[in-house]
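# Residue-level structural notes
The chain contents come next:
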Amino acid sequence: MLNEKNIKSLIASGEGYNVEFKVSIPSKIKDVTEEICAFANAAGGTLLLGVDDNNIVQGVVFNNVKRSALQNSINEISPALHCEIYTVTVDSKDVVVIEVPSGDNKPYVLSGAIYVRQGPNSQKLTTVEEMRDFFQQADKIYFDEAPCKAIDINQDVPDNNINQFRALAGLGTTVSNEQVFNNLKLITKEGLLKNGAALFFAENPEQFFEKAVIRCIAFDGVDKRFIEDDKVMTGSLYNQYLQSMSWLKKKLDVRYDIEGAGSQPRKEIWEIPETVFKEAIINALAHRDYYDKGARTTIEVFNDRVEISNPGGLISGIPKNEFGKRSLSRNPLIFGLFERIRMVEQVGSGIGRMRDLMIEADLTEPEFNTEGMFTVTVRRPFDFNKWVDKWVDNLTDNRVNIIKAIHENSKVSKRELEDKVGLSATAIDNNLDALKDLGLIERVGSAKGGHWQINYILP
């Protein structure tokens, strides 16, 4: 059972993957039971009734009638789930504590529905694909929830990594490291550090998970023939992110806005918005398939584009038409830790934010390949007219317009090219064949599902 000091520690840590606050006991008690069901289907967690969203204790009245109603609602969860429910006085006010275990008999169902925890929120699975993916994950257990038997917390987890996390998460110094780990459910019932915690806090997690690194490669050109730089970023996941961003900054064009800065630091303006890379890299680290031990997350810089790839395609629980609108995570514990340090915003909003930022910067929208390796491709700024003038002497206007249309949308169809260029289907085919013969374009993949690739030669 938690005491007043423990509860104050939880409140100070705020809501997250393993903690939920409710300012009062809702009249619709099922709202509480849905959260309980979601915790049981994930890593377990703690609900505090009587604490508001600003982490302030308001207190509740929890009489026998309300206790009975809550217990009856919990009894509707199948299979049966036992939760510890008790009241603790915090600053002279009563707080109801509900401790939910990570269930041993997943999935837990409430009123015919499955609820799961995604970051700081609970989500109801509504589609067959979502449920199928959950069953697959529940059968083999989330990678980040499994115990890391090889790690020694005292030797392999340095204080500076924990202190870095505490500072980023806004956690005070009055709570011990042990209590922080307990609050965040980073340790198994057997006292072992979980895989997700090892990846997030260990000095060298790659010694336990060899491929859990980011390989950063810069190529001279638009293909992989000539490697200019090749580095492997190691360490905790957050430090891998920092190293990768620093490396990218050296490989891309970055200018500085110093007008009106005064005493403020000069503003960096990346050729591609910096936040686009933040979203893509955090997404790769949080959602990659760590069960795949044969591949690494990669960042590849070409003259015309940057590609960020990670093992594991689109999670089967997300239909393609919902991609970018909804989010399920292969690694909810890791996702929750990134959310704690404010590296993840609204669940499922990252893809849309990347698209919006690229459009605002007058750049081509990012391209997403969700089959096999999940790959994000962002096109670098490109002076199309300068390229045409410098390297192509004998292109007709129609062929320039075709290349321009492909540059704007690599998946443009022949029918769309007819409309854009104003030529017949036969004329489009003839011009495409001529551009292929010149080595300026090539078709990658099938006629229906593939895309065009321009063989840019940058000035």
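### Re the environment of Ile403
- Along the chain, Ile403 turns up in helix α14 (residues 397-408).
- Sequence separation between Ile403 and Leu440 is 37 residues, and the spatial gap between their C-alpha atoms is 8.6 Å.

### What about the packing of aromatic side chains?
- Across all of its chains, the model carries 13 aromatic pairs by this definition.
- An angle of 45° between the planes, with centres 6.1 Å apart, marks the rings of Trp270 and Phe277 as tilted. An identical accessibility class is assigned to Trp270 and Phe277; each is buried.
- An aromatic cluster is defined as three or more aromatic residues linked by ring pairs; in this entry it consists of Phe143, Phe208, Phe209, Tyr290 and Tyr291.

### So, the sheet that holds strand β16 (residues 374-379)
- An order of β10-β9-β13-β14-β16-β15 is seen for the six strands of this open sheet, with the pairing classed as mixed. Each edge of the sheet is formed by a strand with only one pairing partner; in this case those strands are β10 (227-233) and β15 (367-369). On average, each strand axis in the sheet is inclined to that of its neighbour by 15°, with strand direction left out of account.
- Pairing of strand β9 (residues 214-219) with β10, which is carried by six bridges, proceeds in the antiparallel orientation. Along β10, the bridge assignment pairs Ile214 with Met233.

### Observations concerning the environment of Arg215
- Structurally, the position occupied by Arg215 is in strand β9.
- Here Arg215 falls in the partly exposed class, since its relative accessible area comes to 24%.
- A C-alpha to C-alpha distance of 6.9 Å links Arg215 and Arg296, two positions 81 residues apart in sequence.

### Section: the sheet that holds strand β6 (residues 109-110)
- Strand order across the open sheet formed by four strands is β3-β6-β7-β8, with antiparallel pairing between neighbours. Since the sheet does not close on itself, it has two edges, and those belong to β3 (77-78) and β8 (121-125), each with one partner.

### Considering the nonpolar core
- Within the largest apolar cluster, 69 residues are counted, with the highest numbers of intra-cluster contacts made by Phe201, Leu248, Phe277 and Phe338.
- Element by element, the count of residues in this core is highest for helix α10 (residues 274-287), at eight residues.
- Setting aside residues up to four positions removed in sequence, Leu248 forms contacts with Trp270, Phe277, Ile281, Ile299, Val301 and Val306.
- Counting residues in hydrophobic clusters, the runner-up holds 25 residues, among them Ala38, Leu70, Leu81 and Tyr108.

### A closer look at the side chain of Arg288
- Relative to the helices and strands, Arg288 resides in the loop between α10 and β13 (297-301).
- Of the polar contacts made by the side chain of Arg288, one reaches the backbone oxygen of Ala295; its length is 3.1 Å.

### Regarding the packing of helix α2 (residues 30-40) against helix α3 (residues 64-74)
- With their axes 9 Å apart at the nearest point, α2 and α3 run at an angle of 45° to one another. In terms of their interaxial angle, α2 and α3 are classed as oblique. Crossing geometry of α2 relative to α3 is assigned as right-handed. Where α2 abuts α3, its residues Lys30, Val32, Thr33 and Ile36 lie against Leu70, Ser73 and Ile74.
- Each residue belonging to the contact of α2 with α3 can be placed in one class, and the counts come to four nonpolar, two polar and one charged.

### Overview of unusual backbone geometry
- Cis rather than trans, the peptide bond between Ser78 and Pro79 has omega equal to -5°.
- Among the structural elements, Pro79 can be located in the loop between β3 and β4 (84-90).
- Not every positive phi belongs to a glycine, and Ser92 is a case in point at roughly 70°.
- With respect to the helices, strands and loops of the structure, Ser92 is situated in the loop between β4 and β5 (93-100).
- The class of Ser92 is exposed, set by a relative accessible area of 73%.
- Phi is positive for Asp362, which is not a glycine, with a value near 60°.
- With respect to the helices and strands, Asp362 occurs in the loop between α12 (350-360) and β15.

### A look at helix α9 (residues 237-251)
- Between its first and last C-alpha atoms α9 spans 21 Å; for 15 residues at 1.5 Å apiece the expected length is 21 Å, and the two agree.
- Taken together, the buried positions of α9 are occupied by Leu237, Tyr238, Gln240, Tyr241, Ser244, Met245, Trp247 and Leu248.

### Quick word on the environment of Asn3
- Topologically, Asn3 is positioned in the segment before α1 (4-13).
- Spatially, the C-alpha atoms of Asn3 and Val90 are 8.9 Å apart, while their sequence positions differ by 87 residues.
- Looking at Asn3, its side chain comes within polar contact range of the main-chain nitrogen of Lys5, at 3.2 Å.
- At 2.8 Å, the side chain of Asn3 forms a polar contact with the backbone nitrogen of Asn6.

### Examining the pairing of β5
- Bridging between strand β2 (residues 45-49) and β5 involves five bridges; their strand directions are antiparallel. Residue Gly45 lies in a different strand from β5, and its bridge partner there is Val100.
- The pairing of β4 with β5 spans seven bridges and is antiparallel. Paired with Tyr86 across the bridge in β5 is Val97.
- Adjacent in sequence and paired antiparallel, β4 and β5 are bridged by two residues, among which Asp91 carries a positive phi angle near 50°.

### Quick notes on the side chain of Asn183
- Along the chain, Asn183 turns up in helix α7 (residues 177-183).
- Overall, the relative accessible area of 4% leaves Asn183 in the buried class.
- Once you skip the residues sitting within four places of it in the chain, Asn183 turns out to touch Ser9, Leu10, Ser13, Asn18 and Val19.

### Observations concerning the pattern of salt bridges
- A complete count under the given rule lists 19 salt bridges for this structure.
- The residue Asp223 makes a salt bridge to Arg225 at a minimum N-O spacing of 2.9 Å.
- The class for Asp223 is partly exposed, based on a relative accessible area of 26%.
- Between Glu307 and Arg305 there is a salt bridge, with its nearest N and O atoms 2.8 Å apart.
- Given a relative accessible area of 16%, Glu307 falls into the buried group.
- Three or more residues joined by partner-sharing salt bridges are found here, namely Asp304, Arg305, Glu307, Glu367 and Arg379.

Rules used throughout
- Residues numbered from 1 in each chain as written.
- Predicted model: local features only at pLDDT ≥ 70, side-chain atom pairs only at ≥ 80, totals over all residues.
- Heavy atoms only, no water.
- Helix = DSSP H or I, 4+ residues; strand = E, 2+ residues; numbered from the N terminus.
- Phe/Tyr/Trp six-rings, centres within 6.5 Å; stacked < 30°, edge-to-face > 60°.
- Buried < 20%, exposed > 50% of the residue type's maximum accessible area, 1.4 Å probe, protein only.
- Pairing = 2+ DSSP bridges.
- Axes fitted to C-alpha atoms, helices over the stretch in contact; angles between N-to-C directions.
- Core = buried A, V, L, I, M, F, W, Y, C linked by side-chain atoms within 4.5 Å.
- Contact = heavy atoms within 4.5 Å.
- Polar contact = N/O pair within 3.5 Å; in protein donor to acceptor, adjacent residues only side chain to side chain.
- Parallel < 35°, antiparallel > 145°, perpendicular 65-115°, else oblique.
- Left-handed = near helix turned anticlockwise from the far one by under 90°.
- Nonpolar A, V, L, I, M, F, W, Y, C, P; charged D, E, K, R; others polar.
- Expected span 1.5 Å × (residues − 1).
- Salt bridge = Lys/Arg side-chain N within 4 Å of Asp/Glu carboxyl O.

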